[in-house]
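Residues per chain are reported as follows:
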Amino acid sequence: MTPLSAQICPFPSEEGESRGRRAIKRETEPDIAPQRSPASSRPCRSAKVAAERQKTLALKMPMELTQSRIQKIWLPNDNRPALPRRSCGPQLANSPTVIVMVGLPARGKTYISKKLTRYLNWIGVPTKVFNVGEYRREAVKHYSSYDFFRPDNEEAMKVRRQCALAALRDVKQYLTEEAGQIAVFDATNTTRERRGMILNFAKENGFKVFFIESVCNDPTVVATNVMEVKLSSPDYRDCNSTDAMEDFMKRINCYQASYQPLDPDDYDRELSLIKVIDVGRRFLVNRVQDHIQSRIVYYLMNIHVQPRTIYLCRHGESEFNLKGKIGGDSGLSNRGKKFALALNKFVEEQNLKDLKVWTSQLKRTIQTAEALQLPYEQWKALNEIDAGVCEEMTYEEIRDQHPEEFVLRDQDKYYYRYPSGESYQDLVQRLEPVIMELERQENVLVICHQAVMRCLLAYFLDKSADEMPYLKCPLHTVLKLTPVAYGCRVESISLNIEAVNTHRERPEEAKKGPNPLMRRNSVTPLASPEPTKKPRINSFEEHVAVSSALPGCVPQEVPTQLPGQPLLGKACLT
Amino acid sequence: MPMELTQSRIQKIWLPNDNRPALPRRSCGPQLANSPTVIVMVGLPARGKTYISKKLTRYLNWIGVPTKVFNVGEYRREAVKHYSSYDFFRPDNEEAMKVRRQCALAALRDVKQYLTEEAGQIAVFDATNTTRERRGMILNFAKENGFKEVKLSSPDYRDCNSTDAMEDFMKRINCYQASYQPLDPDDYDRELSLIKVIDVGRRFLVNRVQDHIQSRIVYYLMNIHVQPRTIYLCRHGESEFNLKGKIGGDSGLSNRGKKFALALNKFVEEQNLKDLKVWTSQLKRTIQTAEALQLPYEQWKALNEIDAGVCEEMTYEEIRDQHPEEFVLRDQDKYYYRYPSGESYQDLVQRLEPVIMELERQENVLVICHQAVMRCLLAYFLDKSADEMPYLKCPLHTVLKLTPVAYGCRVESISLNIEAVNTHRERPEVSAALPQPFPGVPFLSPMVTRQCRCPGWAWGDYCTVRCLEVPLELHRGSCSAKMWPIKGFPRENDSCMCLLPSVLAQMKVHPGIGLSWALTFAFAIICLPKEGMDYWMEKVASPKCPSWLAEPKLSGSSNISILCVFPGMPTAPRGYQSAVL
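Calculation criteria
- Residues numbered from 1 in each chain as written.
- Chains lettered and ligands numbered in written order.
- Predicted model: local features only at pLDDT ≥ 70, side-chain atom pairs only at ≥ 80, totals over all residues.
- Heavy atoms only, no water.
- UniProt positions renumbered as here; feature names shortened; annotations may be inferred.
- Helix = DSSP H or I, 4+ residues; strand = E, 2+ residues; numbered from the N terminus.
- Contact = heavy atoms within 4.5 Å.
- Areas by Shrake-Rupley, 256 points an atom, 1.4 Å probe, with all protein chains shown as cover.
- Polar contact = N/O pair within 3.5 Å; in protein donor to acceptor, adjacent residues only side chain to side chain.
- Buried < 20%, exposed > 50% of the residue type's maximum accessible area, 1.4 Å probe, protein only.
- Pairing = 2+ DSSP bridges.
- Axes fitted to C-alpha atoms, helices over the stretch in contact; angles between N-to-C directions.
- Expected span 1.5 Å × (residues − 1).
- Parallel < 35°, antiparallel > 145°, perpendicular 65-115°, else oblique.
- Left-handed = near helix turned anticlockwise from the far one by under 90°.
- Nonpolar A, V, L, I, M, F, W, Y, C, P; charged D, E, K, R; others polar.
- Right-handed = clockwise from strand over helix to strand, strands pointing away.
- Phe/Tyr/Trp six-rings, centres within 6.5 Å; stacked < 30°, edge-to-face > 60°.
- Patch = residues over 30% accessible without salt bridge, like charges linked within 9 Å, V, L, I, M, F, W, Y side chains within 5 Å.
- Salt bridge = Lys/Arg side-chain N within 4 Å of Asp/Glu carboxyl O.
- pLDDT = per-residue confidence, 0-100.

- Chain B goes by 6-phosphofructo-2-kinase/fructose-2,6-biphosphatase 3 in an unreviewed UniProt entry, where it is assigned to Cairina moschata.
- Quoted straight from UniProt, the Sequence similarities (unreviewed entry) entry for chain B says "In the C-terminal section; belongs to the phosphoglycerate mutase family."

- Going by what an unreviewed UniProt entry lists, chain A is known as 6-phosphofructo-2-kinase/fructose-2,6-biphosphatase 3 and is assigned to Cairina moschata.

## Digging into the overall build of chain A
Here's step 1: Counting secondary structure elements, chain A contains 22 helices and 15 strands.
Here's step 2: Within chain A, residue pairs in contact and separated by at least 24 positions form 72% of the contacts whose partners lie at least 6 positions apart.
Here's step 3: Accessible area of chain A: about 24100 Å², with a carbon and sulfur share of 52%.

## Topic: the UniProt feature "binding site: substrate" (unreviewed entry) in chain B
Residue and element names in this part refer to chain B.
Here's step 1: The UniProt feature table records "binding site: substrate" (unreviewed entry) at Arg-235, His-236, Gly-237, Glu-238, Ser-239, Glu-240, Phe-241, Asn-242 and Arg-285. Of the residues just listed, which span 51 residues, no C-alpha pair is farther apart than 14.1 Å, and they cluster in one region.
Here's step 2: Counting through the fold element by element, Glu-238 comes out in the loop between strand S10 (231–235) and helix H7 (240–244).
Here's step 3: Among residues more than four places away in sequence, those in contact with Glu-238 are Leu-243, Leu-253, Ser-254, Arg-256, Gly-257, Leu-396, His-397, Ala-420 and Val-421.
Here's step 4: One polar contact links Glu-238 to Arg-256, side chain to side chain, over a distance of 2.7 Å.
Here's step 5: Along the chain, Arg-285 turns up in helix H9 (residues 284–291).
Here's step 6: In this structure Arg-285 comes out as buried when scored by relative accessible area, which is 4%.
Here's step 7: Not counting chain neighbours up to four residues away, the residues in contact with Arg-285 comprise His-236, Ser-239, Gly-248, Gly-249, Asp-250, Ser-251, Leu-253, Glu-305 and His-370.

## Comments concerning the sheet that holds strand S6 (residues 182–186) of chain A
Here's step 1: With mixed pairing, 12 strands are arranged side by side in an open sheet as S5(A)-S6(A)-S4(A)-S7(A)-S8(A)-S9(A)-S9(B)-S8(B)-S7(B)-S4(B)-S6(B)-S5(B). The sheet terminates laterally at strand S5 (127–131) of chain A together with strand S5 (67–71) of chain B, the two strands that pair on one side only. The mean angle between the axes of side-by-side strands here comes to 15 degrees, regardless of whether they run parallel or antiparallel.
Here's step 2: Pairing of strand S4 (residues 97–102) of chain A with strand S7 (residues 208–215) of chain A, which is carried by six bridges, proceeds in the parallel orientation. By the bridge assignment, Ile-99 of chain A is partnered in S7 of chain A with Phe-210 of chain A.
Here's step 3: This element, helix H10 (residues 291–302) of chain A, spans S4, S6, S7, strand S8 (273–277) and strand S9 (282–286) of chain A together with strand S9 (203–207) of chain B of the sheet and lies at about 15 degrees to S7 of chain A.

## Regarding helix H8 (residues 255–271) of chain B
Here's step 1: When the terminal C-alpha atoms of H8 of chain B are compared, their 24 Å separation across 17 residues agrees well with the 24 Å that a helix rising 1.5 Å per residue should span.
Here's step 2: Residue Asn-272 of chain B follows H8 of chain B closely and has a positive phi angle near 55 degrees.

## Remarks on the packing of helix H4 (residues 109–123) of chain A against helix H17 (residues 450–461) of chain A
All names here are of chain A.
Here's step 1: Taken N-terminus to C-terminus, the directions of H4 and H17 make an angle of 150 degrees; their axes are 9 Å apart at the nearest point. Judged by the inter-axis angle, H4 sits roughly antiparallel to H17. Note on packing geometry: the crossing formed by H4 with H17 is right-handed. For the pair H4 and H17, contact is made by Lys-115, Arg-118, Tyr-119 and Trp-122 and by Cys-455, Ala-458, Tyr-459 and Phe-460, respectively.
Here's step 2: Considered class by class, the residues forming the contact of H4 with H17 number six nonpolar, no polar and two charged.

## What about the UniProt feature "active site" (unreviewed entry) in chain B?
Residue and element names in this part refer to chain B.
Here's step 1: Listed under "active site" (unreviewed entry) in the UniProt record, and renumbered for this structure, are His-236 and Glu-305. For this annotated set, covering 70 residues, all C-alpha atoms fall within 10.7 Å of each other, a compact arrangement in space.
Here's step 2: The residue His-236 is located in the loop between S10 and H7 in this model.
Here's step 3: Judged by its relative accessible area of 2%, His-236 is buried.
Here's step 4: Those residues in contact with His-236 that lie beyond four places of it in its chain are Asn-242, Phe-260, Arg-285, Thr-286, Thr-289, Ile-368, Cys-369, His-370, Leu-396 and His-397.

## Some words on the pairing of strand S11 (residues 356–359) of chain A
All names here are of chain A.
Here's step 1: Where S11 lies against strand S13 (residues 444–448), four bridges are found, and the strand directions are parallel. Paired with Lys-356 across the bridge in S13 is Val-444.
Here's step 2: In this structure, S11 lies alongside strand S12 (residues 376–378), joined through three bridges in parallel fashion. Within S12, the position partnered with Trp-358 by the bridge is Glu-377.
Here's step 3: Assessed by its sense of winding, the connection that carries the chain from S11 through helix H13 (residues 363–370) to S12 is right-handed.

## Quick notes on the UniProt feature "binding site: substrate" (unreviewed entry) in chain A
Residue and element names in this part refer to chain A.
Here's step 1: Residues annotated in UniProt with the feature "binding site: substrate" (unreviewed entry) correspond here to Arg-314, His-315, Gly-316, Glu-317, Ser-318, Glu-319, Phe-320, Asn-321 and Arg-364.
Here's step 2: Within the fold, Arg-314 resides in strand S10 (residues 310–314).
Here's step 3: The residues touching Arg-314, leaving out its near neighbours within four places in the chain, are Asn-321, Phe-339, Ile-447, Cys-448, His-449, Gln-450, Met-453, Cys-473, Pro-474, Leu-475 and Thr-502.
Here's step 4: Within the structure, the side chain of Arg-314 is placed 2.8 Å from the backbone oxygen of Cys-473, a separation counted as a polar contact.
Here's step 5: On the secondary structure map, Gly-316 appears in the loop between S10 and helix H11 (319–323).
Here's step 6: In this structure Gly-316 comes out as buried when scored by relative accessible area, which is 0%.
Here's step 7: Once residues within four sequence positions are removed from consideration, Gly-316 is found in contact with Asn-321, Leu-332, Gly-336, Phe-339, Thr-368, Leu-475 and His-476.

## Describing the packing of aromatic side chains
All names here are of chain A.
Here's step 1: The final tally for this structure, using the stated rule, is 26 aromatic pairs over all chains.
Here's step 2: An angle of 80 degrees between the planes, with centres 5.5 Å apart, marks the rings of Tyr-143 and Tyr-236 as edge-to-face. Of the two residues, Tyr-143 sits in the loop between helix H5 (132–139) and helix H6 (154–177) while Tyr-236 sits in the loop between helix H8 (219–230) and helix H9 (241–256), which places them 93 residues apart along the sequence. Summarising the burial analysis for this pair, Tyr-143 and Tyr-236 share the class buried.

## Notes on a nonpolar patch on the surface
All names here are of chain A.
Here's step 1: On the surface, a nonpolar cluster with roughly 210 Å² of combined accessible area is contributed by Val-221, Val-279 and Val-305.
Here's step 2: The topology assignment puts Val-279 in the loop between S8 and S9.
Here's step 3: Exposure remark for Val-279: the relative accessible area of 44% places this residue in the partly exposed category.

## Re helix H3 (residues 94–116) of chain B
Here's step 1: In a regular helix each residue adds 1.5 Å, so 23 residues correspond to 33 Å; H3 of chain B covers 33 Å between its end C-alpha atoms and thus fits that length.
Here's step 2: Listed as buried for H3 of chain B are Ala-96, Arg-100, Cys-103, Ala-104, Ala-106, Ala-107, Leu-108, Val-111, Tyr-114 and Leu-115 of chain B.

## A look at the confidence of the model for chain B
Residue and element names in this part refer to chain B.
Here's step 1: On average, residues of chain B carry a pLDDT of 72, and 67% of them reach 70 or more.
Here's step 2: The model gives residues 19–33 a pLDDT under 50, and that stretch makes 43 contacts with residues more than four places away or in other chains.
Here's step 3: For the stretch residues 155–165, pLDDT sits under 50, and the model shows 21 contacts to residues farther than four places along the chain or on other chains.
Here's step 4: Predicted complex metrics record ipTM = 0.79 and pTM = 0.78.

## Digging into unusual backbone geometry
Residues and elements named next belong to chain B.
Here's step 1: In this structure, Asp-275 is a non-glycine residue whose phi angle is positive, near 50 degrees.
Here's step 2: A positive phi angle, close to 60 degrees, is found at Gln-294, a residue other than glycine.
Here's step 3: Here Gln-294 is to be found in the loop between H9 and strand S12 (297–299).
Here's step 4: Judged by its relative accessible area of 28%, Gln-294 falls in the partly exposed class.

## Points about the environment of Ser-413 of chain B
All names here are of chain B.
Here's step 1: Position of Ser-413 among the secondary structure elements: in strand S15 (residues 408–415).
Here's step 2: Separated by 260 residues in sequence, Ser-413 and Ser-153 have C-alpha atoms that sit 36 Å apart.
Here's step 3: Not counting the four nearest positions on each side in its chain, Ser-413 is found in contact with Thr-398, Val-399 and Leu-400.

Right, dumping it as structure tokens:
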């Protein structure tokens, strides 16, 4: 678990407003402060009366709290000038951070950027990748050859610099105006001059900078990487793979000449940085400054790129499922037991080496795992969401006995915390160590619960907080997750054992409800108001493909296009 | 059949109750699946090796990984009672070199014993280990025994302040300097798992992290710092529920509680701290307390009080009346006891781990929390065992001021002189807690007793050790049936279990477990009937039997503890050990 991370930062609007009110009060009613130094300001009263007044005030006023209804957070309800007050962990106290990737092409920079961004967004720290390569593709529609990257191609150099600047402008916009916490600046950044420029930019704006350099000198690893992701890049859409490979290798050479690696021993000793050497075999870490950097380092040290498969499923149907009750700790129904046996067969058929099986500490998952004839480990962190006072009730009972809670939950399911229970947001914090360990492991089967599976799935599929509580995770269905390129392929395998449906659709009113953008004070990807996400990398490539069907732009036209930002602005939204 | 489960009573863990051969089964995180690890410190003298060793060991024990430091310097002091001068450390002093090598070997022998027989998970080998030859020896040793190895090197302050160091000590350092071969992850040592801590945590080089626990060690080392600072721990002011004697819940402060909040404000002002961070839980009483401070504060859900599950908002009397069995169980093993649909202290420690990590990162912090939470945090700073943790005294309206000194932490307890109810429950006298609910079978419901069986109890199973206190007559040398005054226990098939000699030896050496516990173990074994006894006699007769088994203290009649071993419990209490049988 973590300090409540960024989660609570997107305050519901009522709090946002009241904070605003308080701030205004501070200006218009400065007489509130003198309560603490009373006698002098009220000469007409005796000091004793004033002191007593202060005492009663102090005893009463500052300690009255009201609880927010959705998140169940205690907040003071007086009119004191607002103190900086957060209910989240320490990282929010930090200034925004720019993560700067460093490294030659095909060293996994984009892979790291995307994966790290997915993780940070999931734990609740609004993060976005700014890939300069995409700005470049946007600016120069038609990629001809490595020639563009030659250090002596001045025209191209100018374009590339413009692209970097445009990306930095968007970074600034994201971190200062769009409530972003972390921007990942994904480019080669191989020269000191370029890194100096970024450092200056960050200093001017008060951003912290953390460098991630990926170093890899194993030619086979580089070649594999080129084969896997680079050849499918829009740059090589019309090329055969041998030509593309050759061109890309030449492109790498263009950088190689001017590459100045980070030098933590001397030139860069004051910088905060991590060098990831040989795909995670070795790390060099320098001057970690704060909580979030330390977590980033920990994450990078735990991920690996070995091929493997993760299987997610829920326990077999339980007695409570049959009765429509939530929570509790009931055993499997007969159909549930059938599922456990079918799962055993399924696992055998998958024929996996060293499959680890994880369960929660609730009876229904352990019963399911017992059928597998494999060792398994129980995690308390995988237990189902704690429904607090609503445990062991049916939805009808909740509606009757806690009508208000029932409505509140539909309003904002991710942030909604059951009375003396948990929210999806709490669950994400609880599951963070599980994700970290999943990243470390190879083949794993996780037998868990509906809400827990939704959280895990949201991590792997990069789903927003808004979508997460409505992801479909039916009983008796195994999700097979295989990491591919920058993402994860999902196969949904139903084991064909009947079960009740426990999915509750998002209520219609909530779909049309108030704009979540406003309520959460956030325009981060996680709280994105759009029903579907803004284009991520794959869809973006399609988008580019369409535009590149237009007559190609000639390079010299590009600078004139740059001032009119729309295209670049769009690119940064990926 | 394979899906019938019973729930263990203390930890509330579901276990299969059939007779299938036991599969390895644990309730903890994946770290237990790993083979034992030797952590080898590398570095010149006075580079903070011992500091890191001790701190890391304290952390690992706290999170539940049995760890012990083996400081070769102590072996050397034991061997050579009188230290004359740095002469001893000169590389050309052959006599001394021999002694030092002997000491290292003796320490390694003890490492082996600890990891293989005493259920230790991690041994920290604290010596300079500056030469490749010495490290090669340790590597071979680890390889022979199947231990994983991590190197931890803390070399070279860039600006080592030599004026402060005593001259002799400097010369001693020089003796090492000549032969110092730093770890070389680029070339010679590229296959080794290691972390280099450079310039007191300014920089780190990490090579080949192998598993979960190594990754956590690295993370921990990257977060600790040595800046002077102070941590203040206190509980919320007295709450309405405190007044009523109720546990849990989310009530507000009583009037005296509010007075405490104001007094705390005054106290904090007087301390005059730069950049004091204030952390609270998400419960009303801590937030109300923090609100009086006029300082920014941060709320952590992880700091919420232990979840008492079905017992929330009850008084202890109500719990005793409504859940009599639970009430007794909790007293039996408070650290592992999990409230029904609630938490145990063990769960709490897991939940608080990120808080500790962040506390290590921060400088001055005031943590306003709750009784059980404060006990867990305090146990970390004061290196208290799982056994002591749930009984640490954390009264209301008292601030504990923790200042890191040398290898430990100084504690000052500052009462703010506001009256409050006492919420501390003393550890009950065990005999007092005797078996009301199930006469004849103390502490155990019949269900659990049935689970105690030898047949399904495979080698390699983890077991849990429980204490039953009964009056009995003991005559040294005789192990007759009359020593089992508990009716119906053990039953025919329950025939009692034996502990390996290593378990006994462990009792002797494990910190925090006194002789009384050791005696307890002795009796568990002496009282074994039938086949267990035969096995045991064989082992006891061996020279490995610790000598205190034969101490005359053991004879006579008194109230004696008997330990029984229950198979199938996924984890043994930390601090005792997970005895691999």
